[in-house]
Amino acid sequence: KKKELAALEDRFAELELTLNALRVDVGAFLFSVQAAVGERLLEEAILRRRLADALLAIDPDNKEYQAQAKKAREDAEEAQHEHDAFAGRHGASSTYADFESTRKARASDEVRELYLKLVKLAHPDLTTDPEEKERRTKFMQEVNAAYEAGDYQRLEDLYRGWSGSLESFEGEDIGDQLVRVIRQISQIRERVAAVEAEFAELMNTDDYGIFAQAKEQGFEDYLNGLTAAADIEINRLKAAIEEFSGRIKEMLDTSLG
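What counts and what doesn't
- Residues numbered from 1 in each chain as written.
- Predicted model: local features only at pLDDT ≥ 70, side-chain atom pairs only at ≥ 80, totals over all residues.
- Heavy atoms only, no water.
- Helix = DSSP H or I, 4+ residues; strand = E, 2+ residues; numbered from the N terminus.
- Rg over C-alpha atoms; globule rule 2.2 N^0.38 Å.
- Buried < 20%, exposed > 50% of the residue type's maximum accessible area, 1.4 Å probe, protein only.
- Core = buried A, V, L, I, M, F, W, Y, C linked by side-chain atoms within 4.5 Å.
- Contact = heavy atoms within 4.5 Å.
- Polar contact = N/O pair within 3.5 Å; in protein donor to acceptor, adjacent residues only side chain to side chain.
- Phe/Tyr/Trp six-rings, centres within 6.5 Å; stacked < 30°, edge-to-face > 60°.
- Axes fitted to C-alpha atoms, helices over the stretch in contact; angles between N-to-C directions.
- Parallel < 35°, antiparallel > 145°, perpendicular 65-115°, else oblique.
- Left-handed = near helix turned anticlockwise from the far one by under 90°.
- Nonpolar A, V, L, I, M, F, W, Y, C, P; charged D, E, K, R; others polar.

Caption draft 1: Examining the overall build of the protein chain more closely. Helix and strand counts for the protein chain stand at nine helices and zero strands. When its helices and strands are written in sequence order, the protein chain yields α-α-α-α-α-α-α-α-α. Computed over the C-alpha atoms, the radius of gyration of the protein chain is 27 Å, more than 25% above the 18 Å expected from 2.2 N^0.38 for a compact globule of 257 residues. Taken over the C-alpha atoms alone, the protein chain extends approximately 105 × 35 × 30 Å along its principal axes. Expressed as a percentage of the 257 residues in the protein chain, the buried residues total 35%.

Caption draft 2: Fine view of the nonpolar core. Membership of the largest hydrophobic core comes to 41 residues, with the highest contact counts inside it found for F29, V143 and F211. Where this core is concerned, the elements lending two or more residues are α1 (2-58), α4 (109-122), α5 (130-148), α6 (152-161), α7 (174-203), α8 (206-217) and α9 (219-256). Beyond its immediate chain neighbours, meaning those up to four positions away, F29 contacts F99, I210, F211, A214, F219, Y222 and L223. Of all hydrophobic cores here, the second largest spans nine residues; its members include L55, L237, A240 and I241.

Caption draft 3: Geometry of the side chain of R106. The topology assignment puts R106 in helix α3 (residues 96-107). A relative accessible area of 3% places R106 in the buried class. Here D25 takes part through its side chain, which lies 2.5 Å from a polar atom of the side chain of R106. From its side chain, R106 meets the backbone oxygen of E148 in a polar contact 2.7 Å long. Beyond its immediate chain neighbours, meaning those up to four positions away, R106 contacts V24, D25, A28, V111, R112, Y147, E148 and G150.

Caption draft 4: Looking closely at the packing of aromatic side chains. Scanning the model with the defined rule gives 10 aromatic pairs in all. Residues F139 and W162 carry aromatic rings whose centres are separated by 4.6 Å and whose planes lie at 45 degrees to one another, so their mutual orientation is tilted. On the criterion of sequence distance, the pair formed by F139 in helix α5 and W162 in the loop between α6 and α7 is long-range, its members being 23 residues apart. For F139, a relative accessible area of 11% gives the class buried.

Caption draft 5: Structural detail: the packing of α1 against α3. At a closest axis distance of 9 Å, the pairing of α1 and α3 adopts a crossing angle of 165 degrees. Put simply, α1 runs roughly antiparallel to α3. Between α1 and α3 lies a crossing whose hand is left-handed. Where α1 approaches α3, its residues V24, D25, A28, F29 and S32 are matched on the opposing element by Y96, F99, R103 and R106. In terms of residue class, the contact of α1 with α3 is made up of five nonpolar, one polar and three charged.

Here it is as structure tokens:
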């Protein structure tokens, strides 16, 4: 049973690593997308609102224009909110270079192997003791933060500083040990199933879809494409606003004349 438990712990650690790596990579890449095109997306939303307002000014009774103007205002407000939230976050100046650097650090063999060791040593789901679980939860929060940053030195310090489990088989007879190990096996199996479900759920999100598309295309090429497309759309919107502004001016001049 101890051998079965050890094998299950290995599988669990690999799953945790795979899930966390994907979750961190997706979040970090979307952060770099916001850093690269966030200002442009906000400008687009504001220009669309201005264009919708211009159309509505030409034909105030048009129901379609009224609906378009309402949606454009809501979209602009949402874009402003997202931009402000991003600007207020720690590390909001993160660039693609930052993303790529930390991603490579996380993917290194040294960081991966050390993270796996720490998961098997200290993950809260590998204990049945409530106090030990709480201690491990706090410890793993530090481990995950170091892993997210690709900080090998911090992971190594945490590994060396781990004092070991409070749970022990000493003083227990073979029957007690067997019960404890069987309980741990059941607990880890449940967590393995939960991790697999979380993995499947993540892969079905829009965020993962963007990440997967960017990975296939090449992260840098994808970001450059987004930037170029946003610039083209901004120029188109500006030209359209200028055209409709001219028409509004002509209408005003005619009515005043």
